[in-house]
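The primary structure of each chain is shown beneath.
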Amino acid sequence: MTPALAPPRIARGWAIDPPKGIRIFLYIAIALSPIQNSSLQAGPLGYLGASPSFAPLTLYCALTAAFRVLVLKSANVEIITLAITAYTCIVSLFGLYLEPSTTYNTSYMMQKTFSNIIFNVILIYPVFRFPSMTAGLRASIYFAFTLSIVGYVLVDVFRVSGIAAPSLLKVAWGVTSPSGLSLELSTFAATIATLGLVSTAVTRGRIWKAILLSLVAIFVFGLSHSKGTTICLVLACGLPFITSSKASVPVRVLGLLAVTLIAYAISFVLIDRFEADLTKSTSSSTRSVLVLTGFVVAANYPLGVGYSGYFPAMVEYAPKTANLLRQTLSVDVNMAEYERYVSLGQLDSLNIKAQAFEYLAVLGIPGALLFFGFNIFLYYRLSSKSSGASVVVLSIFWFTFFAVTTYVPATGIYIFTLAYGILVRSAHRVGPEKARHPSIVLSSAKNGIYYSDQMGR
């Protein structure tokens, strides 16, 4: 039997890559991922249409599943997947009982439930069906990073209209912070940082790596003025030198000292401004209240409220959390931004602004344990000596983890599918002696990580 026809021995947890005709939909989704403020969201799709990546990513999920079932004759579904799906459905049905009848109707909440579940499927499924690194995938990553920069230049520098949908934050509220093709400053900065780090990880030349990292630093530290992205990026660049099993003791000590000093300097400035920000109509007050609301909802419903009960719970408990914060800190917390969301019917914007704590409210304590457990296991695999993951890959993990647990929601943002897809694929690296198929071998090189197409040679 020829090598081309020989049955491949696949690394555990991975299937053969789907054909190029299917993978191209993922490439298109990645290339369009910087666009997060599309006019499509004004239609029936709602926030699902915030990014045009929704359509090709949905096709990729459907076609990949069909390829596994019809071509590979593999219809196996992991027990944990079935358990999570069943649990989500049960708590979502329970959440219908939380619905305030004077505010919402059942059909509306069922529509929101369905939209949230669809979004999470197309956000998470490709992470575990991420293909090998090819020229096409690498080109789509470079294109996305370039598009995010071009979007900033056109929208925020030259003020070209009609490229992105009018931002509610800019038009109605007079916010002037740069947002590029994103809806707001925080997601724009997170997009630039994520795409820049991923581009650096898949680039082999040291000079190009330096250029890409310089561009990330210029946009995040110099142009975006995003406090959350700045802190996350500083920590993400320093922690790999401390936590990696491959780092020497002197490197760990110096890394810990540098991260501590920088974090202290940044926190000193931010803490001084935080109390003042709470009294203004800023994202600081809104994010603080909504994140704490996630804890309050979980405290009242430890098993979660499901996607059907998510928005009613946020509307009910957010004002109570704001009052609790006012009493605790003796600060008049400004809820003007939250009240605008409610008055204008912007219920999609009532997310917790941190994806991890949204799972806490929706799926309760089990959902939070699943999320953090997955990330702990993922980093354990990435930081092990056998993974071959570079420092940049570890930085991608830390930045993504801090972003989704502190200040960035995943709603309408598919860059985290790319980031976690790269991370999960990197964590399942196998050596050439354990794999005989070129599409599943992840190799490491002196200039970074890349997927080998030469079967480890």
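Residues numbered from 1 in each chain as written. Predicted model: local features only at pLDDT ≥ 70, side-chain atom pairs only at ≥ 80, totals over all residues. Heavy atoms only, no water.

Glancing now at the overall build of the protein. Of the regular secondary structure elements, the protein holds 16 helices and two strands. Counting all 457 residues of the protein, 51% fall into the buried class. Carbon together with sulfur atoms contributes 69% to the accessible area of the protein, which is approximately 20900 Å² in total. (Helix = DSSP H or I, 4+ residues; strand = E, 2+ residues; numbered from the N terminus. Buried < 20%, exposed > 50% of the residue type's maximum accessible area, 1.4 Å probe, protein only. Areas by Shrake-Rupley, 256 points an atom, 1.4 Å probe, with all protein chains shown as cover.)

Right, let's talk about the packing of aromatic side chains for a bit. The final tally for this structure, using the stated rule, is 17 aromatic pairs. An angle of 45° between the planes, with centres 6.2 Å apart, marks the rings of Tyr 359 and Phe 371 as tilted. You can call Tyr 359 buried: its relative accessible area is 11%. In this structure Phe 371 comes out as buried when scored by relative accessible area, which is 12%. Both rings, one in Phe 371 and one in Phe 372, keep their centres 5.3 Å apart while their planes meet at 85°; by these two values the pair is edge-to-face. Accessibility expressed as a relative area gives 28% for Phe 372, which makes it partly exposed. (Phe/Tyr/Trp six-rings, centres within 6.5 Å; stacked < 30°, edge-to-face > 60°.)

Contact geometry for helix H14 (residues 355-383) and helix H16 (residues 415-427): axes closest at 9 Å, N-to-C directions at 55°. Relative to H16, the element H14 lies oblique. Between H14 and H16 lies a crossing of left-handed hand. Only Tyr 420, Leu 423, Val 424, Ser 426 and Ala 427 of H16 make contact with H14, whose side of the interface consists of Phe 371, Phe 374, Asn 375, Leu 378, Arg 381 and Leu 382. A per-class count over the contact of H14 with H16 returns eight nonpolar, two polar and one charged. (Axes fitted to C-alpha atoms, helices over the stretch in contact; angles between N-to-C directions. Parallel < 35°, antiparallel > 145°, perpendicular 65-115°, else oblique. Left-handed = near helix turned anticlockwise from the far one by under 90°. Contact = heavy atoms within 4.5 Å. Nonpolar A, V, L, I, M, F, W, Y, C, P; charged D, E, K, R; others polar.)

Bringing the environment of Lys 112 into the picture now. Note on placement: Lys 112 falls in helix H4 (residues 106-124). By relative accessible area, Lys 112 is classed as buried at 7%. With 199 residues separating them along the chain, Lys 112 and Phe 311 place their C-alpha atoms 8.7 Å apart.

Do not read the fine detail of predicted coordinates wherever pLDDT is low. For the protein, the average pLDDT comes to 75, and 67% of its residues sit at 70 or higher. At the level of individual helices and strands, the protein shows its lowest average pLDDT in strand E1 (residues 442-445), which scores 34, and its highest in helix H1 (residues 20-32), which scores 94. When the criterion is pLDDT under 50, residues 1-15 qualifies, and its contacts beyond four places in sequence or with other chains add up to 28 contacts. Note that pLDDT drops below 50 for residues 430-457; the model gives that stretch 67 contacts with residues more than four away or on any other chain. (pLDDT = per-residue confidence, 0-100.)

Turning next to helix H2 (residues 54-71). The end-to-end C-alpha separation of H2 is 25 Å, in line with the 26 Å expected for 18 residues at 1.5 Å each. All of the buried residues in H2 are Phe 54, Pro 56, Leu 57, Tyr 60, Cys 61, Thr 64, Phe 67 and Arg 68. (Expected span 1.5 Å × (residues − 1).)

Here the focus is the packing of helix H5 (residues 135-157) against helix H8 (residues 206-224). Interaxial distance between H5 and H8 falls to 12 Å at its minimum, and their mutual angle equals 35°. As H5 packs across H8, the resulting crossing turns out to be left-handed. Here Phe 145, Ile 149 and Tyr 152 of H5 lie close against H8, whose contacting residues are Leu 212, Leu 215, Val 216, Phe 219 and Leu 223. Here the contact of H5 with H8 is built from residues that sort into eight nonpolar, no polar and no charged.

Here the structure, examined in full by the defined rule, presents two salt bridges. Across the pair Asp 17 and Arg 425 runs a salt bridge, and its minimum N-O distance is 3.6 Å. Of this pair, Asp 17 sits in the segment before H1 while Arg 425 sits in helix H16, and the two are 408 residues apart along the sequence. This pair shows no difference in class: Asp 17 is buried, exactly as Arg 425 is. A salt bridge links Glu 316 to Lys 320; the shortest N-O distance between them is 3.7 Å. Taken together, the positions of Glu 316 and Lys 320, both in helix H12 (residues 310-329) and four residues apart, correspond to about one turn of that helix. Classification of Glu 316 by relative accessible area gives partly exposed; the value is 34%. Assessed through its relative accessible area of 48%, Lys 320 is described here as partly exposed. (Salt bridge = Lys/Arg side-chain N within 4 Å of Asp/Glu carboxyl O.)

Judged by side-chain polarity, Val 150, Leu 154, Val 157, Phe 158 and Val 160 come together as a nonpolar surface patch covering roughly 410 Å² of accessible area. The exposure class assigned to Val 150 is partly exposed, which follows from its relative accessible area of 38%. (Patch = residues over 30% accessible without salt bridge, like charges linked within 9 Å, V, L, I, M, F, W, Y side chains within 5 Å.)

Here H8 is 19 residues long and its end C-alpha atoms lie 26 Å apart, about the 27 Å a rise of 1.5 Å per residue gives. Phi turns positive one or two residues past the end of H8, at His 225, with a value near 60°.

Structurally, the position occupied by Thr 187 is in helix H7 (residues 185-202). By relative accessible area, Thr 187 is classed as buried at 7%. A C-alpha to C-alpha distance of 9.4 Å links Thr 187 and Pro 34, two positions 153 residues apart in sequence.

Relative to the elements of secondary structure, Ser 33 occurs in the loop between H1 and H2. Excluding anything up to four places from it in sequence, Ser 33 contacts Ser 51, Ser 53, Ala 144, Leu 195 and Ile 415.

With respect to the helices and strands, the residue Arg 138 is situated in helix H5. A residue is classified by how much of its surface remains accessible, and Arg 138, at 15% relative accessible area, is buried. Of note is the side chain of Arg 138, whose polar atom sits 3.0 Å from the backbone oxygen of Val 202. (Polar contact = N/O pair within 3.5 Å; in protein donor to acceptor, adjacent residues only side chain to side chain.)

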